[in-house]
Amino acid sequence: ILHGIADYPVATTVLLKIQNGSDNDYFVNFNAQWGINRGSSEGGNQVTVVSRARGPRDSFAESELVAKLGSGGSYSFLGYTISVGKIDINKGTAEVMVLPALQNSCNIL
């Protein structure tokens, strides 16, 4: 479950970083359209995927919005697929799965 950034620091899962061995890192977040994001004009109440050239943690680099996903949406890149389940705008949450490519489910222990 991803929470919108307005829920931080109460909710700690607001951003996923995916490193896949390429020259880019990928970041996944839920752009909940409330609180500090109330006026978001792009990707509001959607899961967004952003690509950025890999570098030191605090370094500056341009990023590129590569996907805006609603419920049921998915995006695949270099060995991974991001799938979005239910988006609950009242709770400011999105169900997100990040799986190896060609795998469409996971076992929950």
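All values derive from a computational prediction rather than experimental measurement.

A.B. asks: Can you walk me through the overall build of the protein in this structure?
C.D. replies: Tallying secondary structure elements over the protein gives 0 helices and 8 strands in all. Counted from the first residue to the last, the protein has its helices and strands arranged as β-β-β-β-β-β-β-β. Rg of the C-alpha trace for the protein: 14 Å, near the compact-globule value of 13 Å for 109 residues, within the 12% margin. Seen through its C-alpha atoms, the protein measures out along the principal axes to roughly 35 × 35 × 25 Å.

A.B. asks: In this structure, what is going on with the sheet that holds strand E1 (residues 2-3)? I would like to understand it.
C.D. replies: In a beta sheet, neighbouring strands pair by backbone hydrogen bonds and run either parallel or antiparallel. In spatial order, the strands read E1-E8-E7-E6; together these 4 strands make up an open sheet with antiparallel pairing. Because the sheet does not close on itself, it has two edges, and the strands there are E1 and strand E6 (74-77).

A.B. asks: What's the story with the sheet that holds strand E4 (residues 47-53) in this structure? I'm lost.
C.D. replies: Across the sheet, which stays open at both edges, the 4 strands sit in the order E2-E3-E4-E5 with antiparallel pairing between neighbours. Edge positions in the open sheet fall to strand E2 (16-19) and strand E5 (63-69), since each of these has one partner strand only. Across the sheet, the axes of successive neighbouring strands diverge by a mean angle of 25°, strand direction being ignored. Pairing geometry for strand E3 (residues 24-30) and E4, over 7 bridges, is antiparallel. By the bridge assignment for E4, Val28 is matched with Val49.

A.B. asks: How do you make sense of the nonpolar core when you look at a structure like this?
C.D. replies: Nonpolar side chains in soluble globular proteins tend to be buried together. Formed by 16 residues in total, the largest nonpolar core has its most connected members in Val28, Phe30, Val47, Val49, Leu69, Ile82 and Val96. Listing elements by their share of this core, those giving two or more residues are E3, E4, E5, strand E7 (80-88) and strand E8 (93-100). Setting aside chain neighbours within four positions, we find Val96 in contact with Leu2, Val28, Val47, Ile82 and Ser83.

A.B. asks: Help me understand unusual backbone geometry in this model?
C.D. replies: Glycine aside, a negative phi is what most residues show, and trans is what most peptide bonds show. Backbone geometry places Asn45, a non-glycine residue, at a positive phi of 55°. Inspection of the secondary structure assignment puts Asn45 in the loop between E3 and E4. Residue class for Asn45 comes out partly exposed when judged on its relative accessible area of 24%. Notably, Leu78 is not glycine yet its phi reads approximately 25°, a positive angle. With respect to the secondary-structure elements, Leu78 resides in the loop between E6 and E7.

Conventions used here
- Residues numbered from 1 in each chain as written.
- Predicted model: local features only at pLDDT ≥ 70, side-chain atom pairs only at ≥ 80, totals over all residues.
- Heavy atoms only, no water.
- Helix = DSSP H or I, 4+ residues; strand = E, 2+ residues; numbered from the N terminus.
- Rg over C-alpha atoms; globule rule 2.2 N^0.38 Å.
- Pairing = 2+ DSSP bridges.
- Axes fitted to C-alpha atoms, helices over the stretch in contact; angles between N-to-C directions.
- Core = buried A, V, L, I, M, F, W, Y, C linked by side-chain atoms within 4.5 Å.
- Buried < 20%, exposed > 50% of the residue type's maximum accessible area, 1.4 Å probe, protein only.
- Contact = heavy atoms within 4.5 Å.

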